[in-house]
Amino acid sequence: MKFRDYQSKIIKEGVDIISRYGFVYLAMEVRTGKTLTSLGIASKIKAKHVLFVTKKKAISSIRIDYEMYSPGFHLDVINYESLHTVKGNYDLIILDEAHGLGAFPKPSGRAKQVRQLYNKNNARVILMSGTPTPESFCQMFHQVYFLPNNPFFNFKNFYAFAKVLAVIKQKKFGGFTVNDYKDGKKIILDRMAPYMISYTQKQAGFNVENFETILDVNMKDTTKYLIKKLKQDLVIQGKDEVILADTAVKLMSKVHQISSGTVKFESGNAQTLDDSKAQFIYDKFGNNKIGIFYKFQQEWKVLKDVYKDKLTNDLAEFDSTNKSIALQIQSGREGISLRLADYLVYYNIDFSATSYWQSKDRMTTKDTKINHIYWIFSKGGIEHKIYKVVAQKKKYTLDHFKKDIQTL
């Protein structure tokens, strides 16, 4: 195989950086070839045993790229949820979708596991993400905090880091005043510049326009009634199950679920309340091969009930048949290609700006000129409110919801 000219240039630059600092961060936008570029760097630095950590749904495509490239090193591919099972020794670790390590102010369990893995192997590291800091520059700290040569090594923890490199604000939460650290200073990325290689779709020659259309669906009167009653009473007692919203967080989640026609009860059981959205999607797009993104697990069931055998959640089956595919946003937003889809259709929307920006690019290829994206929202529902926030690269939070709930 032959690398594109820009990939060859990035590989050369990446080899220089990783040789000097022990790690490199490939901030390459989706579809620009991060995976093959990272394998090219691995080959050039003469790695012998490489561990590639990624999302579960991306594992098969990474193995295909590895077999196609056929380099002179052994590669193990694993998903983040299985990090605790790693037993081998590696001289290079590739961390795909590294922004997923960026939770703060405390490191996530995933970030801690990566640190333990690094400490055990003392390997060189390639980090990769098309959106390194999608919601806050402060997300960079825990992506690299385990690396001895990272530019923030002089800060003993995130709090010390934020004291210097973030504008700390205070907000009310649950009757208490807490610090808000999300307003990181741009100098964070400036400090990362010597370790990062950034590359955009535009630089790679992509010329894609995303056309987004919002389609409103009239939900059943019972759905609107349940939201109204839950807002008023914070609890709905059924014959066998209970919908409980005794905290603001629970109320936000339940309103989000019910707006699209499903609900998870206090017992843990889930139920479809209203299939209006699924039926609308099937009536409008049933003759097309489409990619559908949903938020809650029960939404897969209502879609499957309507689509029956015309719908799959398996990428290989989607690629080899005329079936449409439905994927949960969180797991399907990264590392996969839906290039065979005629359209992307969102049954629901996630609170995360990362989910919004990354999932929209699943159809994009070098030859793509137009992506048609449809958002299916309940008329007057919370989805409209969420969309306005995440489209501005912000996370939809409880503060937003407390304002919006008054208008629903």
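What you are looking at is a predicted structure, and each value in this text was computed from that prediction instead of being measured.

Here the focus is the packing of aromatic side chains. Enumeration according to the criterion identifies 30 aromatic pairs in this entry. A ring pair is formed by phenylalanine 3 and tyrosine 69, whose centres lie 5.4 Å apart and whose planes are at 75°; its orientation type is edge-to-face. On the criterion of sequence distance, the pair formed by phenylalanine 3 in the segment before helix H1 (5-21) and tyrosine 69 in helix H3 (residues 59-69) is long-range, its members being 66 residues apart. Both residues of the pair, phenylalanine 3 and tyrosine 69, belong to the buried class. Plain terms: the ring middles of tyrosine 356 and tyrosine 387 are 5.8 Å apart, the flat faces sit at 85° to each other, and that makes the pair edge-to-face.

Before going further, it helps to examine the pattern of salt bridges. Counted by the stated rule, this structure contains 9 salt bridges. For glutamate 81, the salt bridge goes to arginine 110, with nearest N and O atoms at 3.1 Å. Highlighted residues: glutamate 81 in the loop between strand S3 (74-79) and strand S4 (92-95) and arginine 110 in helix H4 (residues 109-121), separated in sequence by 29 residues. Classification of glutamate 81 as partly exposed rests on a relative accessible area of 47%. By relative accessible area, which is 23% here, arginine 110 ends up partly exposed. A single network of salt bridges, built from pairs that share partners, joins Asp246, Lys250 and Glu266.

The sheet contact formed by strand S2 (residues 49-54) and S3 spans 6 bridges and is parallel. Bridged to histidine 49 within S3 is histidine 74.

What follows covers helix H11 (residues 297-307). Residue pairs three or four apart in sequence face the same way in an α-helix, which turns once every 3.6 residues. Buried residues of H11: Gln298, Glu299, Trp300, Val302, Leu303, Val306 and Tyr307, and no others. Buried positions along H11 lie against strand S12 (262-264), strand S13 (270-272), helix H10 (276-285), strand S14 (290-294), strand S15 (311-312) and strand S16 (324-328). Just beyond H11, the residue with positive phi is lysine 308, at close to 55°.

The next point concerns the sheet that holds strand S8 (residues 196-199). Overall, parallel pairing links the 6 strands, which are arranged S3-S2-S4-S5-S1-S8 in an open sheet. Strands with a single pairing partner mark the edges of an open sheet, and in this sheet they are S3 and S8. When the angles between neighbouring strand axes are averaged without regard to direction, this sheet yields 15°. Pairing analysis gives 4 bridges linking strand S1 (residues 23-28) to S8, with the strands arranged parallel. Residue pairing across strands places alanine 27 opposite serine 198, the latter belonging to S8. Where H1 meets the sheet, its contacts fall on S1, S4, strand S5 (124-128) and S8, and the angle it forms with S1 comes to roughly 150°. Packing of helix H2 (residues 34-44) onto the sheet brings it into contact with S1, S2, S3, S4 and S5, and relative to S1 it is tilted by some 155°.

Quick look at a positive patch on the surface now. Taken together, the side chains of Lys171, Lys182, Lys394 and Lys402 make up a positively charged region of the molecular surface. Among the structural elements, lysine 394 can be located in the loop between helix H15 (382-390) and helix H16 (398-404).

It is worth spelling out the sheet that holds strand S18 (residues 370-378) at this point. Strand order in the open sheet formed by 6 strands is S9-S18-S17-S14-S16-S15, with parallel pairing between adjacent strands. At either margin of the open sheet sits one strand with a lone partner, and together these are strand S9 (209-217) and S15. In this structure, S15 lies alongside S16, joined through 2 bridges in parallel fashion. The partner of leucine 311 across the bridge, within S16, is serine 324.

The biggest cluster of nonpolar side chains holds 40 residues, and the ones touching the most others in it are Leu95, Leu127, Phe152, Phe161 and Met192. Counting only elements with at least two residues in this core, the list comes to S1, S2, S4, H4, S5, helix H5 (141-144), helix H6 (158-165) and helix H7 (187-192). Apart from the residues lying within four places of it in its own chain, the contact partners of phenylalanine 152 are Met140, Phe141, Val144, Phe161, Leu165, Ile188, Arg191 and Met192. If you look at the next biggest cluster of nonpolar residues, it comprises 37 residues, including Leu338, Leu344, Tyr356 and Val390.

So, on to the packing of H2 against H3. Packing of H2 against H3 leaves a shortest axis separation of 10 Å and a crossing angle of 45°. With respect to H3, the element H2 is oriented oblique. For H2 against H3, the interelement crossing comes out right-handed. Side by side, H2 and H3 meet where Thr35, Leu36, Leu39, Gly40 and Ser43 of the first sit next to Ile62, Asp65, Tyr66, Met68 and Tyr69 of the second.

The rules behind the values
- Residues numbered from 1 in each chain as written.
- Predicted model: local features only at pLDDT ≥ 70, side-chain atom pairs only at ≥ 80, totals over all residues.
- Heavy atoms only, no water.
- Phe/Tyr/Trp six-rings, centres within 6.5 Å; stacked < 30°, edge-to-face > 60°.
- Helix = DSSP H or I, 4+ residues; strand = E, 2+ residues; numbered from the N terminus.
- Buried < 20%, exposed > 50% of the residue type's maximum accessible area, 1.4 Å probe, protein only.
- Salt bridge = Lys/Arg side-chain N within 4 Å of Asp/Glu carboxyl O.
- Pairing = 2+ DSSP bridges.
- Contact = heavy atoms within 4.5 Å.
- Axes fitted to C-alpha atoms, helices over the stretch in contact; angles between N-to-C directions.
- Patch = residues over 30% accessible without salt bridge, like charges linked within 9 Å, V, L, I, M, F, W, Y side chains within 5 Å.
- Areas by Shrake-Rupley, 256 points an atom, 1.4 Å probe, with all protein chains shown as cover.
- Lys, Arg positive; Asp, Glu negative; His and termini not counted.
- Charge placed at Lys NZ, Arg CZ, Asp CG, Glu CD.
- Core = buried A, V, L, I, M, F, W, Y, C linked by side-chain atoms within 4.5 Å.
- Parallel < 35°, antiparallel > 145°, perpendicular 65-115°, else oblique.
- Left-handed = near helix turned anticlockwise from the far one by under 90°.

Any link to function would need more than the numbers given here.
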